[in-house]
Structure formats: C-alpha cells, structure tokens
Amino acid sequence: MDAVASPRTPAPAGAAQQRRQYLTFQVNGEMFAMGIAAIKEIIEYRAPTDVPLMPAFMRGVINLRGRVVPVIDLSVRFGREPTVPTRRTCVVILELPHEGSTQDIGVLVDAVSAVLEIADADIEPPPSFGARLRSDFISGMGKVGERFAIILAIAHALSIEELASLDALSGAQQLPPPGGTGESE
C-alpha cells in the first residue's frame, strides 16, 4: 500500500521529492507511524515480567537474548486503557540514543501494519487542537490513501526523564546465564 501524492502540493519542477520509510501500526484502532531508523526488530508478544513501583505505562521487562528490555504499553502512555494482548499484538524493539550510548526499549502495539514510504509533501503538521494525544508526541500527520497516520515523535513520547529511569532499571544489566530464570525466586 503506497502513500498517495498530494495534488495540492506539487514538488517544484526538477526537485526530487523526499520520501521516508515509516512502520505503521495500530493502537486502540488508530493508525500510527514511526520512522524505521530507530526500529531494531519486531517480536511476537510475550508476557513481560512485572517490575514493582514502575509507572503505569510500563508493562514490565522481557529477556531479549540475555538483555533486560523494558516494555512500554503505548496505549497507557497515551492515556488510554491497557492493551489487551491478542494473536496480532507485537512488541516493537527500538534502539534509542541516550547519554552517549543506546537504550533498547520495547513498545507494545495492537498490530503492525506495514512499512510505507511517505513523501515529505504528504506530511501535514500536527493539529493544534482536537488531538487525543499530547502535541509533543506527534511530529506530523502522514497521508496514507484517504486516511492519516499519526507520526510519532518517539523521542518525546519516551521522554529523556523516563529514559533515565528506564536506564537505571536496565542499563548494562545482563540476565543470569541460561539455566537461571531471570525472575526473583
């Protein structure tokens, strides 16, 4: 499914239209998108291990090849009900820069749709009112056919302060070697 070029904003003659790739996905029946540059991988949903005293949007942590990866429920982060896992529920693993290194973070989504190219000309600025998300979470509204995908400003949706608290949780921690459960006993 390709983005449709906007007839009202033609590119200047001879100018190459910049197109970027976005992963589209569903959260509470709404279409969202994020640039693919930060996406490390997409995995099937697996129940995270609960971590006491974490914010409500933190579902817990998962073991990803021996690394502790915090999992954030985007639905709760957006002020909505928690995601009820189904067979299409996925965890999108992001690799985000933080204090000179990177932090892997999983975000829980209802379903992954597709990777699409969206031309810069087909991205509208975030709405100034009426959005059901904090405006700093939205970098734009991408035209996908007759619909819009809300393009997330993922660095704002996962703020530096929250990344710092996640970093304290997982940092460079490693899970126990194979044979250990990784959970408190």
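Located above this text is the structure these notes cover.
A short tour of the structure in this document, coming up. Computed from a prediction, not measured in an experiment: that's the story for all the values here.

Applying the stated criterion across every chain yields a total of eight salt bridges. Notably, a salt bridge pairs Arg65 with Glu41, separated by 2.3 Å at the nearest N-O pair. Taken together, the residues Arg65 in the loop between β4 (58-64) and β5 (67-73) and Glu41 in strand β3 (residues 39-44) connect sequence positions 24 residues apart. Judged by its relative accessible area of 63%, Arg65 falls in the exposed class. The partner of Glu124 in a salt bridge is Lys143, with the nearest N and O atoms 3.2 Å apart. Here Glu124 is found in strand β9 (residues 123-124), whereas its partner Lys143 is found in strand β10 (residues 138-144), with 19 residues between them in sequence. On the accessibility criterion, Lys143 (14% relative accessible area) is buried. A cluster of three or more residues bridged by salt bridges with shared partners is formed by Lys40, Glu95 and Asp104.

The subject of this paragraph is the sheet that holds strand β7 (residues 101-109). Overall, mixed pairing links the five strands, which are arranged β3-β6-β7-β5-β4 in an open sheet. Looking at which strands have only one partner, the edges of the open sheet turn out to be β3 and β4. Strand after strand, the sheet turns through a mean of 30 degrees between neighbouring axes, direction not considered. Judged from the three bridges that link them, β5 and β7 form a sheet pairing that is parallel. Across the sheet, the residue bridging to Asp73 is Leu108, located in β7.

Let's shift gears to the nonpolar core. In this structure, Phe25, Leu74, Leu94, Val107, Ile154 and Leu158 are the most contacted members of the largest nonpolar core, which totals 28 residues. Broken down by secondary-structure element, the contributors of at least two residues to this core are β1 (19-27), β2 (30-35), α1 (74-77), β6 (90-98), β7, β10, β11 (147-152) and α2 (154-157). Sort the elements by how many residues they give to this core and β6 lands first, with four residues. Among all residues touching Leu94, those that are not within four sequence positions of it are Met34, Ala38, Ile39, Lys40, Gln103, Asp104, Ile105, Val107, Ile154 and Leu158.

Procedures and definitions
All residue numbers here refer to positions counted from 1 along the written sequence of the relevant chain. Under the rules for a predicted model, residues below a pLDDT of 70 receive no local features and side-chain atom pairs below 80 are neither given nor counted, while totals for whole chains, interfaces and linings still include all residues. The basis for every side-chain value is the complete set of non-hydrogen atoms in the structure, without hydrogens or water. Whenever a carboxyl oxygen of Asp or Glu lies within 4 Å of a side-chain nitrogen of Lys or Arg, that contact is scored as a salt bridge. Strands are runs of DSSP state E lasting at least two residues, helices are runs of H or I lasting at least four, and both sets are numbered from the N terminus onward. Residue burial is assigned from relative accessible area. The probe radius is 1.4 Å, only protein chains are included, and a residue is buried under 20% of its type maximum, exposed over 50%, and partly exposed in between. Whether two strands pair depends on DSSP finding at least two bridges between them. Geometry is summarised by axes, namely lines fitted to C-alpha atoms with helices restricted to the contacting stretch, and by angles between N-to-C directions that run from 0 to 180 degrees. Each nonpolar core is a collection of buried residues, namely Ala, Val, Leu, Ile, Met, Phe, Trp, Tyr and Cys, held together in the definition by side-chain atoms within 4.5 Å. What makes two residues a contact is simply this: any of their non-hydrogen atoms within 4.5 Å.

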